[in-house]
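Structural description and commentary
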Amino acid sequence: MIRDITIGQYYPVTSLVHSLDARVKILAVLVYIITLFLVDSFIGYAVVAVILAAVIKASRVPFKFMVKGIKGIILILVFTAVINVFSTKGENVLFTLGVFTATMEGVLLAIKMVIRLTMLIIGSSLLTLTTSPIELTDGIEYILKPFKKIGVPSHEIAMMMSIALRFIPTLLDETDKIMKAQQARGADFETGNIIQRAKSLIPILVPLFVSAFRRAEELAMAMEARCYHGDENRTRMNEMKLKGKDIAAFVLVGLYILMIIVLRIVF
């Protein structure tokens, strides 16, 4: 399950989506996330799903690799669905369990929330899977650069976000190794009640925190050894420039926004 989480991983392959400018992909994902909360019909979700599938196809990232990232949030999806089923009031009552009442309106809302969260995770994962950490850092920094005039440290924020995303797979891999090492010593993480399972996680969390702090210290020493001083007098080997395909991608994003607005009005 730990290895199934795809957020933060980069899938190196040659594709049209990989070759797009990082700024275009970041803005496109932000638009995609916003429009997911504007869509409120199953027809709209079907249209968004078709577009998402087309982008995944163009990225040449295996669909199975994308879907396996959902395994890590199955419990969250189930919990969200149950909460929406029993907390949404409606006229069409399906059944009652004590003080909890399930309605048809709650079931429909739960289905929509599960679809929305699933597509949200897949779409967000597609950004990191098709963008290298260096490109992602530069893209975020360029987007935040206008806020630098009001004192926002755009470079530092971009660097922190990039490092955090970059170390997600590393820490997950470290967690998997620690769990296997503890299980080889007789640790049991699957039996017992919730409190017992929580206590059994202590032998995992302690070495994981130690490892995380050690990696952070090593990274800081490496940056200091290379005379890193933030954005001050910093140059780039590859300057980010918009190309024809990036402009075309912006146009497609604009058409996508227009289509979502139409779907929102019609349905």
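For the structure itself, consult the block above.
Source: prediction; values computed, not measured. (Residues numbered from 1 in each chain as written. Predicted model: local features only at pLDDT ≥ 70, side-chain atom pairs only at ≥ 80, totals over all residues. Heavy atoms only, no water.)

Next up on the list: the environment of V29. With respect to the helices, strands and loops of the structure, V29 is situated in helix α2 (residues 22-38). For V29, a relative accessible area of 15% translates into the label buried. Once the C-alpha coordinates of V29 and V253 are considered, the two residues, 224 residues apart in sequence, prove to be 9.7 Å apart. Excluding anything up to four places from it in sequence, V29 contacts G123 and L127. (Helix = DSSP H or I, 4+ residues; strand = E, 2+ residues; numbered from the N terminus. Buried < 20%, exposed > 50% of the residue type's maximum accessible area, 1.4 Å probe, protein only. Contact = heavy atoms within 4.5 Å.)

If you walk through the whole model with that rule in mind, you get five salt bridges. In this structure, R23 and D21 form a salt bridge, with 2.9 Å as the shortest nitrogen-oxygen distance. Among the salt bridges present, the one from K180 reaches D176, with a minimum N-O distance of 3.4 Å. With a gap of four residues between them, K180 and D176 both fall in helix α8 (residues 154-184), about one helical turn apart. Residue D176 is classed as buried on the basis of its relative accessible area, which comes to 12%. (Salt bridge = Lys/Arg side-chain N within 4 Å of Asp/Glu carboxyl O.)

Note that strand β1 (residues 93-97) and strand β2 (residues 100-103) share four bridges and pair antiparallel. Counted as the bridge partner of V93 is T103 from β2. Adjacent in sequence and paired antiparallel, β1 and β2 are bridged by two residues, among which G98 carries a positive phi angle near 65 degrees. (Pairing = 2+ DSSP bridges.)

Under the criterion given, the structure shown has one aromatic pair. Considering the side-chain rings of F86 and F100, the 6.0 Å spacing of their centres and the 70 degrees angle between planes classify their relative orientation as edge-to-face. Highlighted residues: F86 in helix α5 (residues 74-87) and F100 in strand β2, separated in sequence by 14 residues. Take F86: its relative accessible area is 26%, and that puts it in the partly exposed class. Taking the ring centre of Y142 as reference, the NZ or CZ of R23 above it sits at 4.9 Å. (Phe/Tyr/Trp six-rings, centres within 6.5 Å; stacked < 30°, edge-to-face > 60°. Lys NZ or Arg CZ within 6 Å of the ring centre and 35° of its normal.)

With that out of the way, let us pick up the layout of surface pockets. Estimated volume of the second largest pocket: approximately 730 Å³. As for the second largest pocket, its lining consists of 25 residues, of which L20, A28, I51, V55 and V253 are closest to the centre. Taken together, the elements giving at least two residues each to the lining of the second largest pocket come down to α1 (16-19), α2, α3 (42-59), α6 (104-130) and α11 (244-266). Counting residues per element, the lining of the second largest pocket draws most heavily on α11, which supplies seven residues. Split by residue class, the lining of the second largest pocket holds 21 nonpolar, two polar and two charged. (1 Å grid on protein atoms, 1.4 Å probe; cavity = no way out; pocket = protein on both sides within 12 Å on 5 of 7 lines; lining within 4 Å. Points joined across faces, edges and corners; volume = space filled by probe spheres on them. Nonpolar A, V, L, I, M, F, W, Y, C, P; charged D, E, K, R; others polar.)

When two helices pack together, their arrangement is captured by the angle between the axes and the distance separating the axes. The contact between α2 and α11 brings their axes to 11 Å, and the two run at 5 degrees. Judged on the interaxial angle alone, α11 and α2 are roughly parallel. Contact residues: α2 offers V24, L27, A28, V31, Y32, T35 and L38, while α11 offers D246, A249, F250, V253, Y256, I257, I260 and R264. Tallied by class, the residues present in the contact of α2 with α11 amount to twelve nonpolar, one polar and two charged. (Axes fitted to C-alpha atoms, helices over the stretch in contact; angles between N-to-C directions. Parallel < 35°, antiparallel > 145°, perpendicular 65-115°, else oblique.)

Our next topic: the nonpolar core. Within soluble globular proteins, side chains that are nonpolar tend to cluster in buried spots. By size, the foremost hydrophobic cluster in this structure holds 24 residues, and its most contacted members are Y32, V48, M66 and M119. Sort the elements by how many residues they give to this core and α6 lands first, with six residues. In this view, V48 contacts Y32, L36, V39, M119, Y256 and I260; residues no more than four positions away in its chain are not counted. Membership of the second largest hydrophobic core comes to seven residues, among which are I26, V29, L127 and L136. (Core = buried A, V, L, I, M, F, W, Y, C linked by side-chain atoms within 4.5 Å.)

Moving on to the environment of I265. Position of I265 relative to the elements: it lies in helix α11. A residue is classified by how much of its surface remains accessible, and I265, at 68% relative accessible area, is exposed.

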